[in-house]
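# Structural features, examined
Each chain, letter by letter, is given below.
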Amino acid sequence: MVRKYSTVAEVALVVLTCLAALGAQAPQDDESVWRAFMAWFKTAPPTAGNPFGAYAASLQAAKTPEAEIRRRSDLLMRMVRERSDWVEPFYDKVFARLLTGDPATDGFTGAPSEILIEAVKGLTPGTALDAGMGQGRNSVYLAGHGWKVTGFDLSGEAIRVANANAAKAGVRMETVKASYADFDFGTAKWDLIVLTFAWAPVTDPAFVARLRTSLRPNGRIVFEHFINDRENARPPAMYALAPGQLRELFGGFRLDRYEEITGLADWAGPDTPMVRMVAVKPQP
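Residues numbered from 1 in each chain as written. Predicted model: local features only at pLDDT ≥ 70, side-chain atom pairs only at ≥ 80, totals over all residues. Heavy atoms only, no water.

## What to know about the environment of Val 33
Residue placement: Val 33 occurs in helix α2 (residues 30–43). Separated by 40 residues in sequence, Val 33 and Ser 73 place their C-alpha atoms 9.6 Å apart. (Helix = DSSP H or I, 4+ residues; strand = E, 2+ residues; numbered from the N terminus.)

Below, the structure written as structure tokens:
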């Protein structure tokens, strides 16, 4: 039986692409239009639906002319590609919703990643970093199996949910609210780094170098994310990868596992092109 998802990842894709066909000229007062949208978005009830559609409906309810709605929609489409200040409130909305634990309802799974479970099997627990930890599904699993875990996320709501899940599971872990740019990965600090559907900027060689520096010898990265293809192109903010790209980016690592498949993704449901990798930092 095919499982149907109301996918958070696809909601993000809709936020960035659903209005791309509109071609109105951008107005001069674009900053005020953006501020009005963000003010509305931050106070709107949490929803798994399309925020742009809901905002357009609110403008219609306020008797805004259709031409003006199209003009603002086109501007917001352009600005959401250029800016990043929408990402944190977006994920705050995602995790502020009452999560049921049912992927079909929530749009994502609360269970730990299968590739992570397989990758750490038989390893001696050490220090682990869960980057873009979300609700802490992988952090809680690792902490429950003896790892000393630190997790970080841009979303304060994600951190709140992760801490609650850790308390419910009776495990301890450190959580930090931070972006990829702000978090201090350190030097030779981690035995394991987890990046699962984490929107991490791995297409930037400098970021990959930071990961390598922060790992201890024989430390490993467990990675799972989206692949772009002609039928599933995703916007730049998601850092989806081209086929074969991840292998090239991690050419300085030993790849214990690498596969590009179409399957059931934790954050996008069935028939999702994705890449999975376990990369190990070699001994000097």
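More follows now that the structure is in view.
## A short note on the confidence of the model for the chain
The predicted model of the chain has a mean per-residue pLDDT of 83, with 82% of residues at 70 or higher. Every residue in residues 1–6 is under pLDDT 50, and counting partners more than four places away or in other chains gives 17 contacts. The model gives residues 11–28 a pLDDT under 50, and that stretch makes 43 contacts with residues more than four places away or in other chains. (pLDDT = per-residue confidence, 0-100. Contact = heavy atoms within 4.5 Å.)

## Quick notes on the layout of surface pockets
The space that makes up the largest pocket amounts to roughly 700 Å³. Considering the residues around the largest pocket, the lining is formed by 36 residues, among which Val 87, Tyr 180, Ala 198, Trp 199 and Ala 237 are closest to the centre. Where the lining of the largest pocket is concerned, the elements lending two or more residues are α4 (66–82), α5 (87–96), α8 (137–144) and β2 (148–153). Looking at the lining of the largest pocket element by element, the count peaks at three residues for α5. Among the residues making up the lining of the largest pocket, the classes are represented as 21 nonpolar, nine polar and six charged. (1 Å grid on protein atoms, 1.4 Å probe; cavity = no way out; pocket = protein on both sides within 12 Å on 5 of 7 lines; lining within 4 Å. Points joined across faces, edges and corners; volume = space filled by probe spheres on them. Nonpolar A, V, L, I, M, F, W, Y, C, P; charged D, E, K, R; others polar.)

## What to know about helix α9 (residues 156–169)
For α9, spanning 14 residues, the distance from its first C-alpha to its last is 20 Å, which sits close to the expected 20 Å at 1.5 Å a residue. Buried within α9 we find Ala 158, Ile 159, Val 161, Ala 162 and Ala 166. All buried residues of α9 fall inside an arc of 165 degrees around its axis, so they share one side. Set apart from the buried face of α9 by more than 90 degrees, the exposed residues are Ala 167 and Lys 168. Looking at the buried side of α9, the elements it contacts are α5, α8, β2 and β3 (174–177). Among the residues trailing α9, Gly 170 stands out with phi positive, at a value near 75 degrees. (Expected span 1.5 Å × (residues − 1). Buried < 20%, exposed > 50% of the residue type's maximum accessible area, 1.4 Å probe, protein only. Arc of directions from axis to C-beta.)

## Some words on the side chain of His 225
With respect to the helices and strands, the residue His 225 is situated in strand β5 (residues 215–226). We classify His 225 as buried; its relative accessible area is 2%. Polar contacts involving the side chain of His 225 include one to the main-chain carbonyl oxygen of Met 238, which spans 2.7 Å. Not counting chain neighbours up to four residues away, the residues in contact with His 225 comprise Phe 197, Ala 198, Trp 199, Met 238, Tyr 239, Ala 240, Pro 273, Met 274 and Val 275. (Polar contact = N/O pair within 3.5 Å; in protein donor to acceptor, adjacent residues only side chain to side chain.)

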